[in-house]
Amino acid sequence: MFRGKIFVLSLFSIYVLSSAAGQNTSFSALFAFGDSVLDTGNNNFLLTLLKGNYWPYGLSFDYKFPTGRFGNGRVFTDIVAQGLQIKRLVPAYSKIRRIDSEDLKTGVCFASGGSGIDDLTSRTLRVLSAGDQVKDFKDYLKKLKRVVKRKKKVKEIVSNAVFLISEGNNDLGYFVAPALIRLQSTNTYTSKMVVWTRKFLKDLYDLGARKFAVMGVMPVGCLPLHRAVFGGVFGWCNFLLNKVTEDFNSKLQKGLTSYAVEYDFKGAKFVYVDMYGTLMDLVKNPKAYGFLEARKACCCMPNAIIPCFNPDKYVFYDFAHPSQRAYEVISKPIVYQIAKGLA
């Protein structure tokens, strides 16, 4: 069984990331919303401590330059966009003045590191909430119309674009703190998270979005941060936190299945992206994929200024974010799933 999974993934590994994306025939653009898994630099201009625009972030990026991406190189947004043959790098919307018109037409990133589907999470961390990101998207549509000149063309671009969404990692990853503040059980809270997610998707749908790739929450209990806090000298995962995460992911997946047949989402397509299972496979079997370390982070724990010069050997680059190579490994079957499900 295990060898079969390795073999399937190796087939996808035949696809090699090139320096420039090939010609895309399926999707017009990619728009990213959510948290630091997708953020390509939107937090750079916010009054928050959650930033990735300093060294050693960006160690594997072009010219080893930190751009605000939370990792050693490109993040999941960039890698999925290239896998779908849209483009190699997806610019952050906050850098709108430096985005040329052609780049604007093929998609931008609205995600903000630390954001949650619960507004309380975003406000606490002083980052862009889901609602803020929707407002930015509305502003983007006005700019896009000025570039392409025709309202019909704007509609074509948006309706044929992939909307990649990552929400929930911070709502659950910070020890389920928002649920505790709201005095709610984890079961009630995860159900509310699905309700909030539906509203977020509906807001985007009403603005023209039709193709949604919605990412489940990662195995947050196995992030280096939680291993260090709860795992002691053995570095065990926080299994209780993982159980809450699995509960939310299950509810989210069922929700997406039901949305696909709802009149409110007429004409929309949804793909559930299993970030939990794909990353957990790397965590449990790192050597099978060429990694040497899956428990500890490559850098930034406990000293943020200590660099790590072999990030490709680590599943996680810092306390909460996978390395670029980890993203590349898990992205190959995911890209195939998105391309097939949203075509």
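Residues numbered from 1 in each chain as written. Predicted model: local features only at pLDDT ≥ 70, side-chain atom pairs only at ≥ 80, totals over all residues. Heavy atoms only, no water.

1. Description of helix α6 (residues 151–159)
In step 1: Looking at α6, one finds that the buried residues are Val-154, Ile-157 and Val-158. Burial along α6 is one-sided: seen end-on, the buried residues are contained in an arc of 95°. Exposed and oriented more than 90 degrees from the buried face of α6 are Lys-152 and Lys-155.
In step 2: Contact partners of the buried residues in α6: α3 (101–105), α5 (130–148) and β2 (162–166). (Buried < 20%, exposed > 50% of the residue type's maximum accessible area, 1.4 Å probe, protein only. Helix = DSSP H or I, 4+ residues; strand = E, 2+ residues; numbered from the N terminus. Arc of directions from axis to C-beta. Contact = heavy atoms within 4.5 Å.)

2. Some details on the pairing of strand β4 (residues 269–273)
In step 1: Counting buried positions along β4 yields 4 of 5 residues, so the element is predominantly enclosed.
In step 2: Taken together, the 5 bridges between strand β3 (residues 211–215) and β4 define a ladder with parallel strand orientation. When the sheet's bridge partners are listed, Met-215 is paired in β4 with Val-273. (Pairing = 2+ DSSP bridges.)

3. Thoughts on the packing of helix α2 (residues 76–83) against helix α13 (residues 324–342)
In step 1: Between α2 and α13, whose axes approach to 9 Å, the crossing angle comes to 45°. Classed by the angle they form, the pair α2 and α13 counts as oblique. Viewed along their axes, α2 and α13 form a crossing whose handedness is right-handed. Seen from α2, the contacting residues are Phe-76, Ile-79, Val-80 and Gly-83; seen from α13, they are Gln-324, Tyr-327, Glu-328, Ile-330, Ser-331, Ile-334, Val-335 and Ile-338.
In step 2: The class makeup of the residues in the contact of α2 with α13 is 8 nonpolar, 3 polar and 1 charged. (Axes fitted to C-alpha atoms, helices over the stretch in contact; angles between N-to-C directions. Parallel < 35°, antiparallel > 145°, perpendicular 65-115°, else oblique. Left-handed = near helix turned anticlockwise from the far one by under 90°. Nonpolar A, V, L, I, M, F, W, Y, C, P; charged D, E, K, R; others polar.)

4. Here we look at the pairing of strand β1 (residues 30–34)
A regular strand carries its side chains on alternate faces of the sheet.
In step 1: The element β1 is extensively covered by neighbouring structure, given that 5 of its 5 residues are classed as buried.
In step 2: Along β1, one buried face is formed by Leu-30, Ala-32 and Gly-34 and the opposite face, lined by Phe-31 and Phe-33, is buried too.
In step 3: Pairing of β1 with β2, which is carried by 5 bridges, proceeds in the parallel orientation. By the bridge assignment for β2, Phe-33 is matched with Ile-165.

5. Here we look at the pattern of salt bridges
In step 1: According to the stated counting rule, one finds 11 salt bridges in the structure shown.
In step 2: A salt bridge links Asp-78 to Arg-69; the nearest nitrogen and oxygen atoms lie 2.7 Å apart.
In step 3: The exposure class of Arg-69 is buried, given its relative accessible area of 6%.
In step 4: Where Asp-247 meets Lys-251, a salt bridge forms, and the shortest distance between an N and an O atom there is 3.2 Å. Residue Asp-247 and its partner Lys-251 are located together in helix α11 (residues 239–259), separated by 4 residues, close to a single helical turn.
In step 5: The class of Asp-247 is partly exposed, set by a relative accessible area of 25%.
In step 6: A network of salt bridges, in which partner residues are shared, links Arg-198, Glu-262 and Asp-264. (Salt bridge = Lys/Arg side-chain N within 4 Å of Asp/Glu carboxyl O.)

6. Digging into the confidence of the model for the chain
In step 1: The predicted model of the chain averages 90 in pLDDT, with 90% of residues at 70 or higher.
In step 2: Predicted confidence is poor over residues 1–23, with pLDDT under 50, and the contacts of this stretch with residues over four places away or in other chains come to 31 contacts. (pLDDT = per-residue confidence, 0-100.)

7. Remarks on unusual backbone geometry
One can expect most non-glycine residues to show negative phi and most peptide bonds to be in trans.
In step 1: In this chain, Trp-55 is followed by Pro-56 through a cis amide linkage whose omega measures 15°.
In step 2: Following the sequence through the fold, Pro-56 ends up in the loop between β1 and α2.
In step 3: Of note in this structure, Tyr-63 is not a glycine but carries a positive phi near 60°.
In step 4: Considering the arrangement of structural elements, one finds Tyr-63 in the loop between β1 and α2.
In step 5: Although it is not a glycine, Lys-149 sits at a positive phi angle of roughly 75°.
In step 6: Along the chain, Lys-149 turns up in the loop between α5 and α6.

8. Regarding the nonpolar core
In step 1: Counting 91 residues, the largest nonpolar core has Phe-76, Phe-212 and Ile-338 as the members making the most contacts within it.
In step 2: Top element by residues in this core is α13. It accounts for 8 residues.
In step 3: Leaving out residues up to four positions away in the same chain, Phe-76 has contacts with Val-37, Leu-38, Leu-164, Met-215, Met-275, Tyr-327, Ile-330, Ser-331 and Ile-334.
In step 4: One finds Cys-299, Cys-300, Tyr-314 and Tyr-317 within the second-largest nonpolar core, a separate group that totals 8 residues. (Core = buried A, V, L, I, M, F, W, Y, C linked by side-chain atoms within 4.5 Å.)

9. A closer look at the sheet that holds β2
In step 1: Taken together, the 4 strands give an open sheet; going across it, the order is β1-β2-β3-β4, and neighbouring strands pair in parallel fashion. Only two strands of the sheet have a single partner each, and these edge strands are β1 and β4. Strand-to-strand, the axes of this sheet are offset by a mean angle of 20°, without reference to chain direction.
In step 2: The strands touched by α5 are β1 and β2; relative to β1, the strand with the most contacts, the crossing angle is about 155°.
In step 3: Of the strands in this sheet, β3 and β4 touch α11, which is tilted by about 165° from β4.

10. Focus: the environment of Ala-209
In step 1: Among the structural elements, Ala-209 can be located in the loop between α9 (186–206) and β3.
In step 2: For Ala-209, a relative accessible area of 0% corresponds to the buried category.
In step 3: In this structure the C-alpha to C-alpha distance between Ala-209 and Phe-31, which are 178 residues apart in sequence, comes to 9.7 Å.
In step 4: Ignoring anything within four residues of it in the chain, the contact list for Ala-209 reads Val-158, Phe-163 and Leu-204.

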